[in-house]
Structures are given as C-alpha cells and as structure tokens.
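# Topology and contacts: notes
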Amino acid sequence: MKSPWILHFDTGSCNGCDLEIWALLTPKYDVERFGMVNKANPKHADILLITGPVTKKCEERLRKLYEQTPEPKLVIACGDCASTGAPFMDCYNHNHGVNNVIPVDVFVPGCACRPEAIIDAVIIGINKWKEKAEAMETNVSHEDKIMPDDSPRSDQ
Amino acid sequence: MGDLTLYALAVFLTLTAPLAVGLLMGVDRKLTARMQNRVGPPLLQPFYDLFKLLGKERRLINPSQAYFALGYLLLEGTSLVVLAAQGDLLVVFFLSGAGSLFLVLGAFSARSPFSQMGAQRELLQILAYEPVFFLIIVSIGIQEHSFISRDMSQNLIVTLPLSLIALVAVLVIKLQKSPYDIAHAHTELVSGPLVEYSGPYLATVELARWAEIAVVFGILTLFWNDPEPVAALLGKMVLVFAALFTTLVIDNVTARLTRRRMVTFTLSFGIALVAANIIWNLYLGQGVGI
Ligand code: SF4
C-alpha cells in the first residue's frame, strides 16, 4: 500500500499530540514521501490518526467517522491519552482511550508522541494493510452499499 | 496518412492521454514539493492512489451518484476520442462541458452541505472558464478557417499568443490551482464536489478529471505545428510542460482569491485577451508576429 490517506481527529486531547501530527506535514518530516496526504475526510481516508482520550461528547462523533470510512481501514491511537487515557486518569468525562470506543490497530506511546514514532506506526499499519484487504475480501460484499447521509440539507 | 493509421493513432491517443496526464500530475506533485523544500511523493503516486481507491469498499450515498460519476467519465472520454481522431473542436468543447456538468449533478445529489457548496462553486468555475475556453477555440477556428483539428497547420503560438495566455488561465482553474481552487478549497470545503465520493467511484471521477485535463492539454498542443513529425512532437511537449510549469509557479506564489474575483477576472481579462487577439488578426494586421 503506497498511498495511505489520513484523517486526523482530536477527541479531547491537550493539542500536544495534534501539533506533532501536523509536524508530519512540514518539510522536516514530509510524509508525502510515503504518499501520505491529510484528506480531512473520512470517506477518502484509509488511516485514522486519533488523539485524545475520547470524551463522552466525542464518542458518538468518533464512532460515526469510523463508520463512514470505507474498508479496508486502520486506526492509530496517537499518544498516551489515545492509548490509555493515562494523562487524564480518574477523570469522569472520558472513555480511557480510543480502544474502548472503536478497534485500534496500532498504539503510539508518548506524551506527546514523537513525529518519528507516528511515522513508524503508519509503516507498521501499512504492513497490516494486506491482512486487512484480505479480511475485506471475505467479510465485505462486492455490491454497492448505499449509506444515506443523515446530515441536514443545506437549504433548510 | 491512411484511414487505418489514423484510427489506430486515435485509439492509442485516447487510451494513453489520461495516463500521460496522471504522470503529469505526479510531476506536478513532485515539483510542488520541491518548490516547498520537501522531497515529495514518487512520480507514480497518482497511479498508486488510483489503484488503492479501486481496491476499496464500494459505498454510495445514493444510487444516482454512481451514474453521474460514470456519465462524467463517459462524456470526457468521448470528448477525448473526438479530439484524438482529429475531429471538430466545437464538438470536443461541448462534450467536455457536458461532462463537467455531470460532476456538478453528482455533487448536488448528496445532501451534505459541503457537497452542495462544492457543486455551486464548481458551477461558478464553469461559468468563469467556459466562455474564455470557447472564445479561444473560436479564435483558433477563425485563424485556421476551420474547426477540424486535422486541418490545423499554422504555428498558432505566433498568431494567437494572447489566446495562449488565456488558455493558461483556463488551465489554472481546471487543474484546481491557486488562486482559483475555488471548488476544491481543501482548507474549508475539504474537497468540494468530490467530498461524498469514496473508493472506486472516487477513482472514476479522478480518471474522468484526467481525461478532462487531457482535452485542455490536447487543445494546447494545437498551438504548435511543424511539417516535421519529430519537431512537431517535441514542440508540443515543450508547450505542455511550459504551461504546466507556469500553473505550478502561479499555484505556489498565490493564495486563494474569492470566487467573485475569479469570475470578474476571467470574464474581463480572459475574454479581452482573446478578443484583442482576434481583432488584431482580422482588422489591424496580418498576425501579431508577421
Ligand atoms: S498524550 Fe500528552 S501530549 Fe498527547 S494529547 Fe494526551 S496529554 Fe496531550
């Protein structure tokens, strides 16, 4: 897989990890070398880079974004928050990590996680891609799947 | 040239032109990256993207989305066939224009506000470049006394330099480059009319876009003619690369302008450039360069 398109979603992080993700797009790290592009659109995305411990408010949105991403897809939990929720331990308002809401494929440790570690995680993810694609062959139908949009009309 | 070689050439060009545009998109991304002091993706990246999209799950918002995507591809493909068969430029223009409307309809068929707004902006873009593009073709027709591209024999770059400049403006809009990337405006509309497409259908739309751009580049190549086939081919290639490079430089040194400024600019300066060229050629001199 040479073209991982990315969706970055912040589920209530302190923005530390988000800054590190944005650093990936700068000339210093330039992840477009690997074909990675930030698409900001779940329908185009292959890899979800999630930061933050998933607050209760965000839970539903994260689930929706996950559902809107077509198979095969990968979820990478970026940072300690997204992995375990540790930095916000004992808070009443979050889910203690992305894994408790949607299935995660790769965890990136660190508070904040280093950009190099995120690149590593994406490469590990890409290696898993083949498995995912094969699983899709058996699990997902080859027919068109109609998923109506429930967003309000722009003229209403 | 015999009829058979002509047909073979037409088929060959129709099949290879979109792929060549894909390669040009790769060059585009690489050069843009270099201009921004980055390494950039591999040259074949657009093809990797396309193949990946083809392998993804098939999802739609509604069934008509698929038909609009296929209609877009079909019309742009037909337009390219007519151009490759060295047919009538007006037919090429109208087929390609109808194709862009299918993209708009596809975007309108989804209820998402992003898609709706992208569709309306795409319509505005069509309003901005289509009259200029049409006039450029008319100016070629007046100069060559024919709209059939088989009959083209002059070096239009000498007689229609201002039309060529206007064509670069059209190219900037068609390639979705700054300052006129109004519809795809990735920072606010995500990707405009494409926002609700995914997987293989996004690939279809992308391929249709390559065909659409191939049509513009095809018309650009008509500006250079030479009785010697090798010299003609080289000249045409230099012209295409020069035009692409110019749009890239424009893309990298400008920020996005408002949609109103796009429409007023193309409809005033674009049309004025082509009109001045036509008037000069018809009434004031025997061609600018002669
Ligand atoms: S892991 Fe640390 S830096 Fe990252 S979002 Fe959580 S608190 Fe912020």
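The preceding data block contains the structure.
Quick look at the structure, then. A quick note: this is a predicted structure, and the numbers were derived from the prediction, not measured.

Another point: the nonpolar core. With 68 residues, the main nonpolar core has I136(B), I140(B), F217(B), I219(B) and F223(B) as its most contacted residues. It is helix α8 (residues 199-221) of chain B that contributes the most residues to this core, 14 residues altogether. Setting aside chain neighbours within four positions, we find F217(B) in contact with V21(B), L24(B), L171(B), V240(B) and L244(B). Grouped together as the second largest cluster of nonpolar side chains are 22 residues, A23(A), L74(A), V106(A) and I118(A) included.

The next thing to look at is the interface of chain B and chain A. Across the boundary between the two partners, chain B contributes 35 residues, which contact 39 residues of chain A. The contact between chain B and chain A buries some 3,200 Å² in all, and 48% of this surface belongs to carbon and sulfur atoms. The three residues of chain B that bury the most area against chain A are E57(B), R59(B) and R111(B), which together make up 22% of that side's buried surface. At the junction of chain B and chain A, the tally comes to six salt bridges. D46(A) is the partner of K56(B) in a salt bridge, and the nearest nitrogen-oxygen pair spans 2.6 Å. Counting across the interface, chain B meets chain A through 20 residue pairs in polar contact (both at pLDDT 80 or more).

On to helix α2 (residues 45-54) of chain B. A large share of α2(B) lies buried, amounting to seven of its ten residues. Among the residues making up α2(B), those that are buried are Q45(B), P46(B), F47(B), D49(B), L50(B), K52(B) and L53(B). The secondary structure elements touched by the buried residues of α2(B) are β1 (5-10) of chain A together with α1 (3-35) and α8 of chain B.

All names here are of chain A. Close contacts around the ligand come from S13, C14, G16, C17, D80, C81, P87, G110, C111 and A112, and that covers them all. For the shell around the ligand, the secondary structure elements donating two or more residues are α1 (16-23) and α3 (79-84). Taken together, the residues of the shell around the ligand sort by class into six nonpolar, three polar and one charged.

Backbone hydrogen bonds are what pair the strands of a sheet, in a parallel or an antiparallel way. All names here are of chain A. With parallel pairing, the five strands of this open sheet are ordered in space as β2-β1-β3-β4-β5. Only two strands of the sheet have a single neighbouring strand rather than two, namely β2 (37-38) and β5 (106-108). As judged from the three bridges shared by strand β4 (residues 74-78) and β5, these two strands associate in the parallel manner. Residue pairing in the sheet places A77 in a bridge with F107 of β5. Running at roughly 170 degrees to β1, helix α2 (residues 56-68) makes contact with β1, β3 (47-51) and β4 of the sheet.

Parameters and conventions
Residues numbered from 1 in each chain as written. Chains lettered and ligands numbered in written order. Predicted model: local features only at pLDDT ≥ 70, side-chain atom pairs only at ≥ 80, totals over all residues. Heavy atoms only, no water. Core = buried A, V, L, I, M, F, W, Y, C linked by side-chain atoms within 4.5 Å. Buried < 20%, exposed > 50% of the residue type's maximum accessible area, 1.4 Å probe, protein only. Helix = DSSP H or I, 4+ residues; strand = E, 2+ residues; numbered from the N terminus. Contact = heavy atoms within 4.5 Å. Buried area = accessible area lost by both parts, 1.4 Å probe. Salt bridge = Lys/Arg side-chain N within 4 Å of Asp/Glu carboxyl O. Polar contact = N/O pair within 3.5 Å; in protein donor to acceptor, adjacent residues only side chain to side chain. Near = heavy atom within 4 Å. Nonpolar A, V, L, I, M, F, W, Y, C, P; charged D, E, K, R; others polar. Pairing = 2+ DSSP bridges. Axes fitted to C-alpha atoms, helices over the stretch in contact; angles between N-to-C directions.

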